[in-house]
Amino acid sequence: MSERRFTHVLGVEEMALKLAELYGGNPEQVSLAALCHDYAKERPDEEMIALIKNQGFDLALLDYGNQIWHGILGAYLAKEELGVADEEVLQAIRLHTTGAKEMTLLDKIIYVADFIEPGRQFPGVEEARIVAFNNLDEAVAYETKQTLSHLIDQEVKIYPKTIETYNQWVVKN
Ligand code: DGI
Ligand code: FE
Ligand code: FE
């Protein structure tokens, strides 16, 4: 991957390990998931489209782009090409962009660390970091709400799983 992406990946690992220490995550799983989470981020679209078509992925994925593909196919490629066998690690990679209705501690750590790693700079990132070190579930909610608001502002297509994550973690009832 590019130097820029690799720096991001190392930042996610560093942040994820801090969260794991605080919340009791397994550091080996956390490191592996963090280091592999964007493994497919820079693959050409044609390669990803061929995988979706030929490896039995939901063809509805073709309505989206690499932003949505790289987690789902990244888990597949980490298993096939790198030999990552830990299903919990693969799931954290798979869910890292969209989140999910049900998330393990590992899933949450990777999802949140990706958002607040030291290289991230956007309005609200400081607040997101404070929330993350106070309450991990609230950090999942905070990030989901910010991401969804941003996507709506941009008028881009929302992947159903992103909405499921919002309904589960953000909606108060
Ligand atoms: O891969 P990273 O840039 O480190 O971060 P990421 O995997 O969390 O997110 C990649 C992008 O995906 C981010 O700009 C937000 C976007 N995204 C998240 N959910 C959706 C989405 N894009 C679309 N179109 N629809 C979604 O539901
Ligand atoms: Fe990503
Ligand atoms: Fe990332």
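For the structure, check the block above.
What counts and what doesn't
Residues numbered from 1 in each chain as written. Chains lettered and ligands numbered in written order. Predicted model: local features only at pLDDT ≥ 70, side-chain atom pairs only at ≥ 80, totals over all residues. Heavy atoms only, no water. Donors = N, O, S within 2.8 Å, 3.2 Å for Na, K, Ca; no water. Buried < 20%, exposed > 50% of the residue type's maximum accessible area, 1.4 Å probe, protein only. Near = heavy atom within 4 Å. Polar contact = N/O pair within 3.5 Å; in protein donor to acceptor, adjacent residues only side chain to side chain. Areas by Shrake-Rupley, 256 points an atom, 1.4 Å probe, with all protein chains shown as cover. Helix = DSSP H or I, 4+ residues; strand = E, 2+ residues; numbered from the N terminus. Nonpolar A, V, L, I, M, F, W, Y, C, P; charged D, E, K, R; others polar. Contact = heavy atoms within 4.5 Å.

**Regarding the coordination of the iron ion (ligand 3)**
So, point 1. Those protein atoms acting as donors to the iron ion (ligand 3) are H8 (NE2), H37 (NE2), D38 (OD) and D114 (OD), and they sit at 2.1 to 2.3 Å.
So, point 2. Counting along the primary sequence, the residues that act as donors to the iron ion (ligand 3) give the motif H-x28-H-D-x75-D.
So, point 3. The metal-metal distance between the iron ion (ligand 3) and the iron ion (ligand 2) is 3.5 Å, with D38 serving as a donor to both. Like D38, H37 is buried.

**Examining the site of ligand 1**
So, point 1. As a matter of local geometry, ligand 1 sits amid 18 residues, with K41, T97, K157, Y159 and T162 nearest to it.
So, point 2. In the model, an oxygen atom of ligand 1 is placed 3.0 Å from a nitrogen or oxygen of the H8 side chain.
So, point 3. Here an oxygen atom of ligand 1 and a side-chain polar atom of R120 are 2.9 Å apart.
So, point 4. Surface burial for ligand 1 is 82%, taken as the share of its 580 Å² of free accessible area covered by protein chains.
So, point 5. Within the residue set of the shell around ligand 1, elements represented by two or more residues are helix 1 (3-23), helix 4 (66-82) and helix 8 (136-154).
So, point 6. Considering every element that reaches the shell around ligand 1, the biggest residue donor is helix 4, with three residues.
So, point 7. Here the shell around ligand 1 is composed, by residue class, of five nonpolar, seven polar and six charged.

**A look at helix 2 (residues 27-36)**
So, point 1. When helix 2 is considered as a whole, its buried residues turn out to be Q29, V30, S31, A33, A34 and C36.
So, point 2. Residues of helix 2 that are buried sit in contact with helix 1, helix 4, helix 5 (87-95) and helix 6 (105-116).
So, point 3. At the N-terminal boundary of helix 2, the capping side chain belongs to N26, with an oxygen 2.8 Å from the backbone nitrogen of E28.

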